[in-house]
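Here's the letter readout for the chains.
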Amino acid sequence: MNKMKTTISKILLAGTFLISFTACNFLDEESETRYTAQYVFETEEGLELATNALYTLDRNYQNDKAGEAAATLALRRATDLSVTKGGTGNFYGTYDPNHLKPSAAAPAYMWKGMYNMIGKCNDIIEAGKKLPETDKLNNLIAQAKAFRAQSYFLLYRTFDRIWLNTSSTTPENVNDKRVYRPATKEEVFELLYSDLKFAIKYLEWKPKDIGRFNQAAARHIMADVSLWNEDWDNVLTQIDAIEKSGAGYELLDNLDNIFKGENLNHSEALLVQQWSRNPGGNLDTKVPQGHFQAVWFIANYRATLGGDQYCSTENWLYGAGRCFPSPYLFSLYKDKVVDKRYTAFYIHLYKNSSNKTVHGAKPGEYLPLLWSSSGSKNPPVDPNVYPGCIKYADIWTRSGSEQFSYKDIIVYRLAETYIMAAEAALRKGDNILAKKYFNKTWMRAGNTEFTGTLTMQDIIDEQARELALEGQRWYFLKRHGILISQVQKYAGDSRAGISASIAGRKNLPANPHFVRWPIPENEVISMGPENFPQNNFSVYPNNIQTLLRLPWMSCSNTGSWHLMQPCHCFPYSMRHKPLQKRLHPASRSPCSF
């Protein structure tokens, strides 16, 4: 397995520099290497390099330099299962309207990152049309289409309104005027279905090189897409195909082994993002950097102990403590002894790894969660020793106070696939089939077989127990139409010491448009607000002339202009020249968005 991992690392290294290539490399200069734009996009071997580079680009997106404000963390903080705590990205978890706005970093990072990936995929797909058809070429195009579908699906679920582009930029069309408009739902799903059908047809079940897109992962995405499209039959068709594939995909018997070790390429993992300290681990040209997943969900216990020198393996090394499992999540494990996930997926107490007594705990003893130096009978929570999630914890590829992790990341796993199948079967009215899939994860966890009448609430709760903090809960709740109500009732922890984490309970109901992210301000400006208006308001004027006739005021905090009517905010920068020339401030009052 290690040899295979090294092989794909070398392949990714060969593709790293190709990220800078596009099909529109117009300069006719002699290359000092064989890897010219012509070689990359006009030969099958070149397209293989370009396809390899997509995996490097994918990992570079995961390696978000924003750290605790990363796009990959932001929405995990913002659900009923999370206690969000501090840091520059805390406002994503609390839905703070003073910061969750079109200028926020995470929406821009996701939007740019996904459209960058889509652009590279378009180049590969278009170039492939000009080459003789072979099985290998179809497989390369299938990988590109899988990445494109994955990217568009993420954008659609996050922003609701997206721009569809399937064209490669070429010398012939580089100066053509682009038409920007929000795609309809029908257009989005037509492209998703088309790309995924092609991917399913030409991808292998078990590629020779681990970490590549495979047919099981493509079918998993297709099942999820079908849930959003309420196509219950197709969900079950895809999952039935995975079960009958004979490719060896099955749940692990031991829960402890799902996330154990640096190499997570096992039978339950349908797609695994490969990480390594070896060159090719990311796009950094200096010392390879890993990802931050290992530190986000482990508490900053070292602060209570007195310094980084007390980071210990028994406490899962360095932790930043930005996103914790919520009391509501823990309440869903009805029998905390029987359901092994309660102990397998979380650290509930941290040991005193120092050489002194801290908060009444001697060296080697567990630190108390509730503590007051005054001896209060109702002490507050010490957030630095808050229970954490160890799914991404890493004691295998890092040591001491090192923050970066090189542990693999499971992108899709079979447990989620089965929960999707249970929901689809229940939607169709087939309770027997729904229970079959529900019991896959329920019984694996140690519970006795569920034999009663399965309800949607059972599935909502099982999705939480099995998949908490893996990145899908926000989308799951949104699709079910219960994101606002769940956050309002359960987000955060109301106890003293960490009660700031419940701010989202009020902020989201007060700002229901936050069930989608704002489109990055610069993107709206680039596409033209008359073509692609911002997400964050209820009325969309058709054109710039309409906007200019409306009453505006300027924001003294940001220099942006906003409509005076409440809830009708158009955050257009003054760099938008038509507005700059025509608008006059009616007020210098600060605005809230």
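Calculation criteria
Residues numbered from 1 in each chain as written. Predicted model: local features only at pLDDT ≥ 70, side-chain atom pairs only at ≥ 80, totals over all residues. Heavy atoms only, no water. Helix = DSSP H or I, 4+ residues; strand = E, 2+ residues; numbered from the N terminus. Contact = heavy atoms within 4.5 Å. Polar contact = N/O pair within 3.5 Å; in protein donor to acceptor, adjacent residues only side chain to side chain. 1 Å grid on protein atoms, 1.4 Å probe; cavity = no way out; pocket = protein on both sides within 12 Å on 5 of 7 lines; lining within 4 Å. Points joined across faces, edges and corners; volume = space filled by probe spheres on them. Nonpolar A, V, L, I, M, F, W, Y, C, P; charged D, E, K, R; others polar. Buried < 20%, exposed > 50% of the residue type's maximum accessible area, 1.4 Å probe, protein only. Core = buried A, V, L, I, M, F, W, Y, C linked by side-chain atoms within 4.5 Å. Axes fitted to C-alpha atoms, helices over the stretch in contact; angles between N-to-C directions. Parallel < 35°, antiparallel > 145°, perpendicular 65-115°, else oblique. Arc of directions from axis to C-beta. Phe/Tyr/Trp six-rings, centres within 6.5 Å; stacked < 30°, edge-to-face > 60°. Salt bridge = Lys/Arg side-chain N within 4 Å of Asp/Glu carboxyl O. Pairing = 2+ DSSP bridges.

Student: Help me understand the environment of Asn-352 in this model?
Tutor: Checked against the element boundaries, Asn-352 lands in the loop between strand 4 (346-347) and strand 5 (388-389). Excluding residues within four positions of it along the chain, Asn-352 makes contact with Leu-305, Thr-357, Val-358, Ala-361, Lys-362, Pro-363, Gly-364, Glu-365 and Leu-367. A polar atom in the side chain of Asn-352 sits 2.6 Å from the side chain of Ser-354. Separated by 2.7 Å, the side chain of Asn-352 and the backbone oxygen of Lys-356 make a polar contact.

Student: Sorry if this is basic, but what is going on with empty space enclosed by the protein here?
Tutor: It is a probe the size of a water molecule, rolled over the atoms, that shows where empty space is left. Summed over all chains, the structure comprises four cavities of 30 Å³ or more. Volume-wise, the largest cavity comes out at about 910 Å³. In terms of lining, the largest cavity is formed by 48 residues, of which the most central are Gln-62, Arg-76, Leu-154, Val-411 and Gln-472. For the lining of the largest cavity, the leading source of residues is helix 7 (residues 135-159), giving six residues. The computed volume of the second largest cavity comes to approximately 120 Å³. Lining of the second largest cavity is provided by 14 residues; of these, Asp-224, Glu-416, Gln-463, Phe-476 and Arg-479 occupy positions nearest its centre. Elements that contribute at least two residues to the lining of the second largest cavity include exactly helix 9 (215-228), helix 15 (414-427), helix 17 (456-467) and helix 18 (473-480). Of the residues forming the lining of the second largest cavity, the biggest block, four residues, is contributed by helix 15. Here the lining of the second largest cavity is built from residues that sort into seven nonpolar, two polar and five charged.

Student: Would you mind showing me how to read unusual backbone geometry here?
Tutor: Note: most residues except glycine have negative phi, and most peptide bonds are trans. Residue Glu-230 is not a glycine yet carries a positive backbone phi of 55°. Mapping Glu-230 onto the fold places it in the loop between helix 9 and helix 10 (232-243). Residues other than glycine seldom take positive phi values, yet Leu-469 does so here, at roughly 65°. Its place among the elements puts Leu-469 in the loop between helix 17 and helix 18.

Student: Teacher, can you tell me more about helix 18 here?
Tutor: Along helix 18, eight of the eight residues are buried, which leaves the element largely enclosed by surrounding structure. On its buried side, helix 18 packs onto helix 6 (105-128), helix 7, helix 9, helix 15, helix 17 and helix 19 (483-490). Count one or two residues on from helix 18 and you reach Gly-481, which has phi positive near 75°.

Student: Please clarify how the nonpolar core should be interpreted in this entry.
Tutor: Note that soluble globular proteins tend to have their nonpolar side chains buried in a common cluster. Judged by nonpolar contacts, the single largest core of 114 residues is most densely connected at Tyr-95, Met-110, Leu-155, Phe-213 and Trp-517. Ranked by residues supplied to this core, first place goes to helix 7 with 14 residues. Formed by 58 residues, the second largest nonpolar core is a distinct cluster that contains Leu-81, Trp-316, Ile-347 and Ala-393.

Student: Just checking my understanding: could you explain the packing of helix 15 against helix 17 for this structure?
Tutor: The axes of two packed helices give the description: the angle between them and the distance between them. Relative to each other, helix 15 and helix 17 sit at 175°, their axes nearing to 10 Å. It follows that helix 15 is roughly antiparallel to helix 17 by the angle criterion. Residues Ala-415, Glu-416, Ile-419, Ala-422, Glu-423, Leu-426 and Arg-427 of helix 15 lie in contact with helix 17, whose contacting residues are Met-456, Ile-459, Glu-462, Gln-463, Glu-466 and Leu-467. Here the contact of helix 15 with helix 17 is built from residues that sort into seven nonpolar, one polar and five charged.

Student: Looking at this structure, how should I read helix 19?
Tutor: An α-helical turn contains 3.6 residues, so any two residues separated by three or four positions project in the same direction. Within the span of helix 19, buried status applies to Leu-483, Gln-486 and Val-487. The arc that holds the buried residues of helix 19, viewed along the axis, is 95°, so those residues lie on one side. In this structure, the buried side of helix 19 is in contact with helix 13 (327-331), helix 18 and helix 20 (504-510). Among the residues trailing helix 19, Gly-492 stands out with phi positive, at a value near 75°.

Student: How should the packing of aromatic side chains be read in this particular structure?
Tutor: We describe a pair of aromatic rings using the distance from one ring centre to the other and the angle between the two ring planes. Using the criterion set out here, one finds 33 aromatic pairs in the structure. Judged by centre distance (5.0 Å) and plane angle (90°), the rings of Trp-111 and Phe-159 are edge-to-face. Of the two residues, Trp-111 is situated in helix 6 and Phe-159 in helix 7; the sequence distance between them amounts to 48 residues. Comparing Trp-111 with Phe-159, the two get one shared label, buried.

Student: Looking at this structure, how should I read the pattern of salt bridges?
Tutor: Should the charged atoms of two oppositely charged side chains come close, the side chains can pair. For the coordinates displayed, the defined rule picks out 29 salt bridges. Between Glu-243 and Lys-440 there is a salt bridge, with its nearest N and O atoms 3.4 Å apart. Here the residue Glu-243 occupies a position in helix 10, and Lys-440 occupies one in helix 16 (residues 431-444), the gap between them amounting to 197 residues. For the salt bridge of Glu-462 with Arg-465, the shortest nitrogen-to-oxygen distance reads 3.0 Å. Of this pair, Glu-462 and Arg-465 both sit in helix 17, three residues apart, roughly one helical turn. Exposure class is identical for Glu-462 and Arg-465. Each is buried. A network of salt bridges, in which partner residues are shared, links Glu-268, Asp-339, Arg-341, Lys-391, Arg-413, Arg-444, Glu-462, Arg-465, Glu-466 and Glu-470.

Student: Can you walk me through the pairing of strand 6 (residues 409-413) in this structure?
Tutor: Regular strands place side chains that alternate from one sheet face to the opposite one. Here strand 6 lies mainly inside the structure; four of its five residues are buried. Inspection of the sheet shows strand 2 (residues 269-273) paired to strand 6 by four bridges, in the antiparallel sense. Counterpart to Val-272 in the pairing with strand 6 is Ile-410.

Student: For this particular structure, what's the right way to read the environment of Tyr-342?
Tutor: Structurally, the position occupied by Tyr-342 is in helix 14 (residues 341-344). Classification of Tyr-342 by relative accessible area gives buried; the value is 16%. A C-alpha to C-alpha distance of 9.7 Å links Tyr-342 and Glu-466, two positions 124 residues apart in sequence. Beyond its immediate stretch of four places on either side in the chain, Tyr-342 contacts Phe-330, Tyr-333, Lys-336 and His-348.

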